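Coordinates in review
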Amino acid sequence: MTTPSEASRVQAIEVFEKIRSNISQVMRGQDATTRQLLAALAAGGHVLLEDFPGTGKTTLAKALAKSLGADFRRLQFTPDLLPSDILGVSIFDQRDQGFHFHEGPVFTNILLADEINRASPRTQSALLEAMGEGQVSVEGVRRNMADLFFIIATQNPVEFRGTYPLPEAQMDRFMMQLSLGYVSAEEEVAILSGQKSTHPLDLLKPVAGLEDVGVLRQATASVRISEEMKRYIVDVVGATRGYRGVQMGASPRASLALMKTAQATAFFEGLDFVGPDQVRAMAMPVLGHRLVMDPQARFSGETARGVVAEILKKVRVPV
Amino acid sequence: MNANPPAIQPQSFAPPRLLTLAVLLFWGWQSGLWLPGLLMGLALETIPLLNPGLEFSQDDFRRVWNFCNLLGLAAVLYAFGNNDRVGGLGGLLHGAANNRAAMLSGVQSVLNFPRWLPILLFLAIAAQKASAAGLTPATSFSPFLRWYRQKSRAITPEPMLDLSYPYLILCLFSAGIHANSGSQTYFMGMILLVAWGLWPVRSCRFHPLVWLAVFGLAAVLALAGDVGVGKMADFTRNLSIQWMSRLLRDRTDPKQVMTAIGEVGQLKLSGAIEVRLTVPPGAAPPEYLHLASYRTYHRQSWFAGAARDDFQEIPPLSSGASTFQLIPGRSGSRLVTVSCYLAGWSSSLGVPEGLLPIPPDCDRLEDMPDTVASLQRSGNGAVLADGPGLMIFTAGYGTGQIPEAAPNTNEDLAVPAEEVPALNETLRKMSLDKTRAATLSPQKLESLIAGFFDSRFTYRTWQKAPSPLAGHQTPLANFLLITHSGHCEYFATATVMLLRMLGVPARYAVGFYVHERSGDNSYVVRGRDAHAWCLVWDRSAAGWQTFDTTPASWVGIEGAGGKITQAVEDFFSWLHYQAAKIRWGQSSLRSYVRWLPAPVLLALLAPMVFRRWRRVRQKVVNGPGNQQVFRPGLDSAFYPVRDRLVELGHVPRVEEGFAGWLARILEAKHPRLPERQLRQLFHLHYRCRFHPRGLTPGERDELASLAAEVLHLLNH
C-alpha cells in the first residue's frame, strides 16, 4: 500500500465533496444515503437500493453517473431477460464468415440494474462473476471489465408477484444495501419546487472523472485501522453466525466490506484511522442484507436488521 | 477498563414488562414478605427503563455471584447457628421478642431458608439488568468452567445466560414452599403468572385460542397431578399411621388414649427406633419407660380424669440451670441418658411438643437442652416438654417412688358398670373377693393375679371377630371370659379393673418396655416395644408400684415380626438421628459449623490475593507500559474524565458510540463543561486509542493537560 501525499488526500477530499454536493442538488434530504453510496464507490463495492417506488432510487444512480461523467447504462430487468442480454452474445457475420462478440450492457462503468429481482435467478446469476471478480467469461473467453465497474441495483420490497428473490451468493456480492426512505414534508415541497419546470437531473454536469475515482479509492485504502478494530469487526460479523433466529450469518467477505466501508467513512470524516463509530455506522447497511433468517424467526416478526441492531448493542465496544 | 476480549451473546428472552414485579409481589404475598417483594420488584422493573447500560466485565459478574453465594452461606449459617438464641434470619425483619419467640423464629428460619432465595439472588439479577449486555456470563457461576475454557484456550464466544426467567421460576418455587393462602390459591396464581410469562414467546403459527386451550389443558393436568399426589400422600400417611405406630400415636396425648381393645385383625407395630438409651458402664437400663398414666376407662378408651388439666410448670433448680427436680428431696442413684423425638407441636409456643419417656420412678432430669421452652408435669406422672424436636437428657431414678398424685377413690376405684359382670365372673374363677383381698399382702395379691393371667391367658396380636354366640359382651368381657388372648392393653386394662373390683386403687400406664441392646451400654426402643401396664397403690409403702401382667412371651412375639431389612432401616434411622442432633443443636458438631465460613472465605479470598500479588509482581518485572502492546491507549489521561462524567450522570450508552456520547453530553449544556476542550479531548483520546501509531509525545502531553483542565472544571 502506498501512502498518498497530503496533496492527493486533499484532492480526494475535494473529489468527494464535489460529487456529494452535486448529487445533493438532485437528491434532497438524502445526504446520509449519498455518503453511504459514495463509501461503497470509494471502497470498490456494489450497492443494492431497496425501497418503495418513487423514492428516487433510479435518480440517485443516474445522478452519480452524471456526476462522474462516466459511461452509464441502464438495464431494466424483466422475467424474459436472458444472460446474453446482459453479458453479450457472439453473432455470425456473413461477410467474413466468422462470429463476432457484441458486448452487453455490463461492459460499462456504472450499471443501473433496475428492478433486478424481476429477472429469473439464471439471469441474475450472470452478474456473479462480473461483480465478484471484475470479469466475465463468455463462450470460454475471459473478458475484463473496466477499472471502474460499479453496479447500482434496485428492487422493490413490497411487490412479490413475478419477482425472484436474489440468491444468497449474489446478495453477498453487494457491499451494501441502502434504502432512501421518504423525505420530510419540507424536503418534498422543495422537490416539487425544483422540478416545476425542468428536472434538475437534466442540468447536472460531471464534476469528476474516472481518474478522480481512482484517487478517492487510493485515499480510502490508505486509512489506517488497528488490530483492535479489526478484531471488533470480526467479533461483530462473527456474532451473526449462530445467532438465534439466523439461519446463515455473514461471511468473511462481509468483514472485508465492513472494514473497507469503515475506512471510507473515516476518510469522509477527515480521519486517517478507523474508530468504532465508523464501524458501527456501516454495520447495518453492510450486514443487514446478508443474513438469512429462520422461517420461524421471520414469522415471529424478527428481521435481519433487528438482529444486527441487537448485535451492535451486545458486542462490547472498545472505548 | 475491561481488558477481556469482547463477548458475543445470544439473544435474551426478556420477560414481559411488569411480570417480574407481579411475580415478586406474589412471592411476597405468599411468604409474608410483601414489602421486600414490592421493593425488589419495583427496582427490577425500573432498571431497564433507566437503561444504565453499565459495562460489567466478567470479573464483575463473578464478584457479584460470589457475593450472593457468601450471602446465602452466611444466611444459612446464621439461621442455623443461632436458631436458639437470636431468632435466625427471620429476626432481621421481624425481630426476636423473647426467648421462646426467638426459638420459634430460629427454627422457622432453618426450615424456611428457601423462602429467602429471591432476596439472596437479587443482586445477581439486578446486575444483569443493569449491565449493557443484559446477560450474565456462564463462567461467573462455575470456577470449573472458567478453568476449562482457560485450559482449552477456547476461542468460541463466551457462553452467556439470561437469568430473568430462571429467577422468576425460583421466586415461584420459593413462594410455593410457604404458601400461606392455601395451595389452590398458590396454584391458580402460579398458573396465571406462567401464562403471562409464556404468552410473548408462544409460536405465532397457531391461533392464540389454540395456545390458550393447550395451556389450559396442561394446567388442568397439572392440577389433577397436584391433587393426585396430595391424595397419594394422604393415603400413604394414613396407611403409615395405621400400620406402624398406632399405640404410640394415641399415647402422645396425655389426656386420653384410645386403645385397640375390641378391634378385629392383626395389630402391627413399627420397628422404627423411637428412643435411644445410654447407661453408665455395667449398669442395667430401666425396665420401663413411662409416658403417662390414665384413671378412667370408658368404651375402650382411657382418660386422664381429674389430672386432665393439672399440668404444672417445673422450674429448673436455678435460673439457667439444666436440671429439673421432679420429686423434691429425692435423688436416685441410677442414671440413664434418654434420646427421644418430640413428635407433637405446640400451637401456642410454636415449637415441637411431646411426652418424655422416663423411668417410672424418675426423680430428676439433668443436662436438659438449654433450648427447652417449657417442662410440665401432671398428676398422672406425665412429663410434657416443649422444645427442640430431639431431646437428649439424663434421667435420675432408682428411689422406687413413682411421682404420681395420691389415689382418688372416685376415679382410681371406678369400674364401668357394663364390665362388672365379667369381672365378677373372673374373680369367682380366681376365688377372690374384696374381703379376701383385704387380708392378703400386696405382693401375694399381685402374685395371684399375675399367676392367673400367666396360666390361663396367652399373648396374641390377632383378634378374630367375636362369636355371634357371645351376645353383646364388651370386648374386655370377651377377652376375660371367651378368647383368653390379647395384647398388652387387654391385660393392663383387665388387671386395673380387677384390682379396683378388689378395692385396690390402680391406674393404667403406657410407655415402652426396654429390652434390646444396641451396644455395650446403649439400648434402643422401637415402636413395637410400646407397652401398657398397671400402677398399683401400695398402702403400706404409701406409693404407686408398677404391676405388669402381660405374659413375658410378648417381647418374643413382637420381636418375631422384625423384618429382614431391619438393619438397613436402622442405619437410616441412625442417619436421621445424627441429622436431628445437628438440626436441633444437640451435637457438638454445631459449634464447628460456626467456623465453616472461615475456610470458605479463605478459599475465595486466596485466589484474589494471589492474582493481585501476581499482577503487582508482573508490573515490577516487566515495567509499566508493556501491557499496551495489543490495546494501545489504555493509559489515556481521558479515563479519569470519563469516570467523572459518569459520576455526574453522563453514562455512555452501548448503542450510541463515542460521537453520540459526546453529542449527548454537549446537549445537556452543563455549565461546567467547556465544549471546545471537551471536543478536543475526545478527539485526542479517540486517536490515542484507535490510531495504530497512537499519539506523538507532544500530543500525549496535550491530552494530559486537556484532561487535567477538564477534570478541574468538572470538580469545581
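Every value quoted in this text rests on a predicted model; they were computed, and no experiment measured them. (Residues numbered from 1 in each chain as written. Chains lettered and ligands numbered in written order. Predicted model: local features only at pLDDT ≥ 70, side-chain atom pairs only at ≥ 80, totals over all residues. Heavy atoms only, no water.)

A few points about the overall build of chain A
Check the secondary structure of chain A and you find 15 helices and 11 strands. Residue burial in chain A is summarised as follows: out of 319 residues, 54% are buried. In chain A, 77% of the contacts between residues at least 6 apart in sequence involve partners at least 24 apart. Put simply, chain A shows about 14000 Å² of open surface, and 52% of that area lies on carbon and sulfur atoms. (Helix = DSSP H or I, 4+ residues; strand = E, 2+ residues; numbered from the N terminus. Buried < 20%, exposed > 50% of the residue type's maximum accessible area, 1.4 Å probe, protein only. Contact = heavy atoms within 4.5 Å. Areas by Shrake-Rupley, 256 points an atom, 1.4 Å probe, with all protein chains shown as cover.)

A short note on the packing of aromatic side chains
Counting across every chain of the model gives 36 aromatic pairs over all chains. Aromatic ring contacts, followed pair by pair, group Phe273 of chain A together with Phe638, Tyr639, Phe658, Trp661, Phe682, Tyr686 and Phe690 of chain B into a single cluster. Just above the ring of tryptophan 199 of chain B sits the side chain of arginine 202 of chain B; from NZ or CZ to the centre is 3.8 Å. It is arginine 276 of chain B that lies over the ring of tyrosine 577 of chain B; its NZ or CZ is 4.6 Å from the centre. (Phe/Tyr/Trp six-rings, centres within 6.5 Å; stacked < 30°, edge-to-face > 60°. Lys NZ or Arg CZ within 6 Å of the ring centre and 35° of its normal.)

Looking at the pattern of salt bridges
Two side chains carrying opposite charge are able to pair once their charged atoms lie near each other. Residue and element names in this part refer to chain B. All chains considered together, the criterion is met by 28 salt bridges over all chains. Aspartate 59 is paired through a salt bridge with arginine 62; the nearest N and O atoms lie 3.2 Å apart. With aspartate 59 and arginine 62 both in helix H3 (residues 58-81) and 3 residues apart, the pair spans about one turn of that helix. The salt bridge partner of aspartate 412 is arginine 500, with a shortest N-O separation of 4.0 Å. One end of the pair, aspartate 412, is in helix H13 (residues 409-412); the other, arginine 500, is in helix H18 (residues 488-501), and 88 residues separate them in sequence. Several salt bridges converge on common partners, so that one network encompasses Glu404, Asp412, Arg500 and Arg507. (Salt bridge = Lys/Arg side-chain N within 4 Å of Asp/Glu carboxyl O.)

Describing the sheet that holds strand S22 (residues 516-517) of chain B
All names here are of chain B. As summarised here, the arrangement of the 7 strands in space is S10-S14-S17-S11-S5-S23-S22, forming an open sheet in which the pairing is antiparallel. Each edge of the sheet is formed by a strand with only one pairing partner; in this case those strands are strand S10 (324-325) and S22. In this structure, S22 lies alongside strand S23 (residues 522-526), joined through 2 bridges in antiparallel fashion. Along S23, the bridge assignment pairs arginine 517 with tyrosine 523. (Pairing = 2+ DSSP bridges.)

Examining helix H25 (residues 675-690) of chain B
In a regular helix each residue adds 1.5 Å, so 16 residues correspond to 22 Å; H25 of chain B covers 22 Å between its end C-alpha atoms and thus fits that length. Among the residues of H25 of chain B, Gln677, Leu678, Leu681, Phe682, Leu684, His685, Tyr686, Arg687, Cys688, Arg689 and Phe690 of chain B are the ones counted as buried. Looking at the buried residues of H25 of chain B, the elements they touch are helix H11 (227-239) and helix H13 (276-287) of chain A together with helix H23 (638-647), helix H24 (657-667) and helix H26 (697-715) of chain B. (Expected span 1.5 Å × (residues − 1).)

Here we look at the sheet that holds strand S8 (residues 150-155) of chain A
Residues and elements named next belong to chain A. The strand order across the open sheet built from 5 strands is S2-S5-S8-S1-S9, with neighbouring strands paired in parallel fashion. Single-partner strands in this sheet number two, and they are strand S2 (72-76) and strand S9 (176-178). Shown here is a sheet whose adjacent strand axes are inclined to one another by a mean of 20°, direction ignored. Where S2 lies against strand S5 (residues 110-114), 5 bridges are found, and the strand directions are parallel. (Axes fitted to C-alpha atoms, helices over the stretch in contact; angles between N-to-C directions.)

Quick notes on the confidence of the model for chain B
Looking at chain B as a whole, its pLDDT mean stands at 79, while 82% of the residues score no less than 70. Low pLDDT, under 50, characterises residues 83-103 of chain B; the predicted model gives this stretch 49 contacts beyond four residues in sequence or across chains. (pLDDT = per-residue confidence, 0-100.)

Some points on the interface of chain B and chain A
Facing 38 residues of chain B, the contacting portion of chain A comprises 32 residues. Buried surface at the junction of chain B and chain A, both sides included, amounts to about 3100 Å², of which 54% is carbon and sulfur. At the boundary of chain B and chain A, one finds 2 salt bridges. Residue aspartate 272 of chain A pairs with arginine 687 of chain B through a salt bridge whose shortest N-O separation is 3.1 Å. Counting the contacts that link chain B with chain A gives 9 residue pairs in polar contact (both at pLDDT 80 or more). (Buried area = accessible area lost by both parts, 1.4 Å probe. Polar contact = N/O pair within 3.5 Å; in protein donor to acceptor, adjacent residues only side chain to side chain.)

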